[in-house]
Amino acid sequence: MKVEWLESLSVGVEEIDRQHKLLFDKYNDFFTAYSEGRSDEEVIRLLSFLEEYVAVHFANEERLQRLIGFPDYQKHLKQHQELTRTVAELKERFKKQGPDPSLITSTGLLMTGWLIEHISVMDRAIGRFMKEVQSRGAGEKP
Ligand SMILES: [Fe+2]
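As the structure is a prediction and not an experimental result, all values here were calculated from the model.

Let's shift gears to the overall build of the chain. Check the secondary structure of the chain and you find four helices and zero strands. Counting from the amino terminus, the chain carries its helices and strands in the arrangement α-α-α-α. Across its three principal axes, the chain shows a C-alpha extent of roughly 65 × 25 × 20 Å. In the chain, which comprises 142 residues, the share counted as buried stands at 18%. Nonlocal contacts in the chain, meaning residues at least 24 apart in sequence, comprise 68% of its contacts between residues at least 6 apart.

Have a look at this one:
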């Protein structure tokens, strides 16, 4: 199944939202390639693109959290590491088994379940904290 980024998934930080949209696009490219029956190599290549972008996006988000002194950084980092591991495992299984339907379903569930849950709860907390920091900063001005 494809995933769609909706305004309700906005975390209130423009750059993070932009990256989340791109993450969904990359997953959709992968899923579309599979649905259209493109070659195994092509499907796995697109999964690798998704994996690479997950790494780039997570690194960005983690950098931002360190920058603003986000209190739940360690917990957030753990979740990122968990997803990174799961995606790497999926890719290995794809390489061994080829893109069979159960693997495609597992990848889809990861995107629609885990990632959307993570964005809605964990990433949204970053946006909330940033607003707090900004309003504190504004209050300090003469
Ligand atoms: Fe995150």
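Structure shown, so let's carry the discussion forward.
Looking at soluble globular proteins, one finds that nonpolar side chains tend to be buried together. Core analysis: the biggest nonpolar cluster contains 15 residues, and Tyr27, Phe30, Val43, Leu46, Leu47 and Leu50 have the highest contact counts within it. Within the residue set of this core, elements represented by two or more residues are helix H1 (14-35), helix H2 (40-68), helix H3 (73-97) and helix H4 (101-140). Counting residues per element, this core draws most heavily on H1, which supplies six residues. When near neighbours in sequence (up to four residues on either side) are disregarded, tyrosine 27 contacts Val3, Leu50 and Met111.

Inspection of the secondary structure assignment puts valine 11 in the segment before H1. Dropping the residues within four chain positions of it, valine 11 is found in contact with Ile16, Asp17, Ile119, Asp123, Arg124, Ile126 and Gly127.

It is worth spelling out H2 at this point. With 29 residues, H2 ought to run about 42 Å at 1.5 Å a step, and its terminal C-alpha atoms sit 42 Å apart, in line with that. Taken as a whole, H2 has its buried residues at Val43, Leu46, Leu47, Leu50, Val54, Glu61 and Gln65. Just downstream of H2 lies glycine 69, where phi reads positive at about 65 degrees.

Quick look at the packing of H1 against H2 now. Think of two packed helices as two axes; the pair is described by the angle between the axes and how far apart they sit. Their axes nearest at 8 Å, the elements H1 and H2 cross at an angle of 170 degrees. The angle between H1 and H2 falls in the class roughly antiparallel. The crossing of H1 and H2 is left-handed. On H2, the residues that touch Ile16, Gln19, Leu22, Leu23, Lys26, Tyr27, Asp29, Phe30, Ala33 and Tyr34 of H1 are Glu42, Val43, Leu46, Leu47, Phe49, Leu50, Tyr53, Val54, His57, Asn60 and Glu61. Among the residues forming the contact of H1 with H2, the class breakdown is 14 nonpolar, three polar and four charged.

Further remarks concern the packing of H2 against H3. Two elements in contact, H2 and H3, have axes separated by 10 Å at closest approach and are oriented at 170 degrees. Considered as vectors, H2 and H3 are oriented roughly antiparallel to each other. Contact residues: Ile44, Leu47, Ser48, Glu51, Val54, Ala55, Phe58, Glu62, Gln65 and Arg66 in H2; Tyr73, His76, Leu77, His80, Leu83, Thr84, Val87, Ala88, Lys91, Phe94 and Lys95 in H3. Its residues assigned to classes, the contact of H2 with H3 shows eleven nonpolar, five polar and five charged.

Position of leucine 23 among the secondary structure elements: in helix H1. On the neighbour-count criterion, leucine 23 (21 C-beta atoms within 10 Å) is buried. Along the backbone, leucine 23 and glycine 108 are 85 residues apart, and their C-alpha atoms lie at a distance of 13 Å. Filtering out sequence-adjacent residues up to four positions away, leucine 23 remains in contact with Tyr53, Val54 and His57.

Rules of the game
- Residues numbered from 1 in each chain as written.
- Predicted model: local features only at pLDDT ≥ 70, side-chain atom pairs only at ≥ 80, totals over all residues.
- Helix = DSSP H or I, 4+ residues; strand = E, 2+ residues; numbered from the N terminus.
- Buried ≥ 20, exposed ≤ 12 C-beta atoms within 10 Å, placed from the backbone.
- Contact = placed C-beta atoms within 7 Å.
- Core = buried A, V, L, I, M, F, W, Y, C linked by C-beta atoms within 7 Å.
- Expected span 1.5 Å × (residues − 1).
- Axes fitted to C-alpha atoms, helices over the stretch in contact; angles between N-to-C directions.
- Parallel < 35°, antiparallel > 145°, perpendicular 65-115°, else oblique.
- Left-handed = near helix turned anticlockwise from the far one by under 90°.
- Nonpolar A, V, L, I, M, F, W, Y, C, P; charged D, E, K, R; others polar.

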